[in-house]
Amino acid sequence: MNWLDQPPWNQLPAEALKALAQLRPLNLQKGDIVFQPGQTAKGFAVVLSGQIDVYLIGPTGRDILLYSVTPGQSCVQTTLGLLGGEPYSGEGLAARHSQIVLIPSTLFTNLMDSTPMFRTLVFQAFAERMQNTMHVLEKVAFQRVEARLAEALLSMADQGEVRATQAEIASHIGSAREVISRRLDSFARRGWVTTERGHVVIRDADALKRLVSFAGET
């Protein structure tokens, strides 16, 4: 199905749809770099399928997952770059096979100036993404590592298994691999999880949920 036939894009006026219809989807493989720190935004990416993960990388090389962009969502870094002229401060990677459409910066600016509905869509998506990003930073700043780890395991699990390395889990919650290793060992001793190379098996999801719930009450 054509992405322009789907909401909210199909609500745009005919002239805007005609301009956007000239764009062709781009295919990305898992691990492909979408943008890196210091680069300028070339256009506004619309994710049609898959997922783009955006990381903030510190001077020591440690990174934190700021947010993931899935179909229907926008990238704060790109929007800031296009509207404010700021270079990327984070890195965007394809988390899996993905398809995107890149609205070139010139067309993006023209649509922002000439099409109120397009402008509204961009700012609504930007506001929602900013709120989610602030939620992530709040967790990193104020929530204990154990609770963040438990929440991450529950959200990342597929049929009770998390197929990710300890480094990937650490990046997901803004911690260090060594810290995650110690916390997973602690969870394993309590019988909540078992760990194997490259994945974690959840044995007691209720215990993890209680840990997350307790952290939210304190």
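None of the values given here were measured: they were computed from a predicted structure.

Definitions and cut-offs
- Residues numbered from 1 in each chain as written.
- Predicted model: local features only at pLDDT ≥ 70, side-chain atom pairs only at ≥ 80, totals over all residues.
- Heavy atoms only, no water.
- Helix = DSSP H or I, 4+ residues; strand = E, 2+ residues; numbered from the N terminus.
- Contact = heavy atoms within 4.5 Å.
- Areas by Shrake-Rupley, 256 points an atom, 1.4 Å probe, with all protein chains shown as cover.
- Lys, Arg positive; Asp, Glu negative; His and termini not counted.
- Charge placed at Lys NZ, Arg CZ, Asp CG, Glu CD.
- Buried < 20%, exposed > 50% of the residue type's maximum accessible area, 1.4 Å probe, protein only.
- Phe/Tyr/Trp six-rings, centres within 6.5 Å; stacked < 30°, edge-to-face > 60°.
- Core = buried A, V, L, I, M, F, W, Y, C linked by side-chain atoms within 4.5 Å.
- Expected span 1.5 Å × (residues − 1).

## Observations regarding the overall build of the chain
Part 1 of the reasoning: Summing up its helical and strand segments, the chain has eight helices and ten strands in all.
Part 2 of the reasoning: With the principal axes as the frame, the chain shows a C-alpha extent of 60 × 35 × 35 Å.
Part 3 of the reasoning: Of the contacts formed within the chain by residues at least 6 apart in sequence, a portion of 67% connects residues at least 24 apart.
Part 4 of the reasoning: Surface summary for the chain: the accessible area is close to 12,100 Å², and the carbon and sulfur share equals 51%.
Part 5 of the reasoning: Averaging the locations of the 21 positively and 21 negatively charged side chains of the chain gives two centres separated by 3 Å.

## Overview of helix H6 (residues 166-173)
Part 1 of the reasoning: Among all positions of H6, only Ile169, Ala170, Ser171 and Ile173 are buried.
Part 2 of the reasoning: Directly beyond the C-terminal end of H6, a positive phi value near 75° is found at Gly174.

## Structural notes on the packing of aromatic side chains
Part 1 of the reasoning: Enumeration over the complete set of coordinates arrives at six aromatic pairs.
Part 2 of the reasoning: Ring geometry for Trp9 and Phe118: centres 6.4 Å apart, planes at 45°, overall tilted. Pair noted here: Trp9 is in the segment before helix H1 (14-20) and Phe118 is in helix H4 (residues 116-142), with a separation of 109 residues, a long-range link. As far as the burial class goes, Trp9 and Phe118 line up, both buried.
Part 3 of the reasoning: On the numbers, 3.9 Å between centres and 5° between planes, the contact of Phe35 with Tyr88 is stacked. Placement of Phe35 in strand E2 (residues 33-35) and of Tyr88 in the loop between helix H2 (76-84) and strand E6 (90-94) is noted, with a sequence separation of 53 residues between them. Comparing Phe35 with Tyr88 shows no difference in burial state: the two are buried.

## Some thoughts on the nonpolar core
Part 1 of the reasoning: Ranked by internal contacts, the top residues of the largest apolar core, which has 35 residues, are Leu20, Ile103, Phe108 and Phe118.
Part 2 of the reasoning: Looking at this core, the elements with two or more residues in it are H1, strand E3 (43-49), strand E4 (52-57), strand E5 (63-69), H2, strand E7 (98-104), helix H3 (105-114) and H4.
Part 3 of the reasoning: Contacts of Phe108, omitting those with residues within four sequence positions, involve Phe44, Leu82, Leu83, Ile103, Phe118 and Val122.
Part 4 of the reasoning: Of all hydrophobic cores here, the second largest spans 23 residues; its members include Val162, Val179, Ile180 and Val193.

## Side note on helix H7 (residues 177-189)
Part 1 of the reasoning: With 13 residues, H7 extends 18 Å between its outermost C-alpha atoms, agreeing within 8% with the 18 Å of an ideal straight helix rising 1.5 Å per residue.
Part 2 of the reasoning: Listing the buried residues of H7 in full gives Val179, Ile180, Ser181, Leu184, Ser186 and Phe187.
Part 3 of the reasoning: Gly191, located one to two residues past H7, shows a positive phi value of around 85°.

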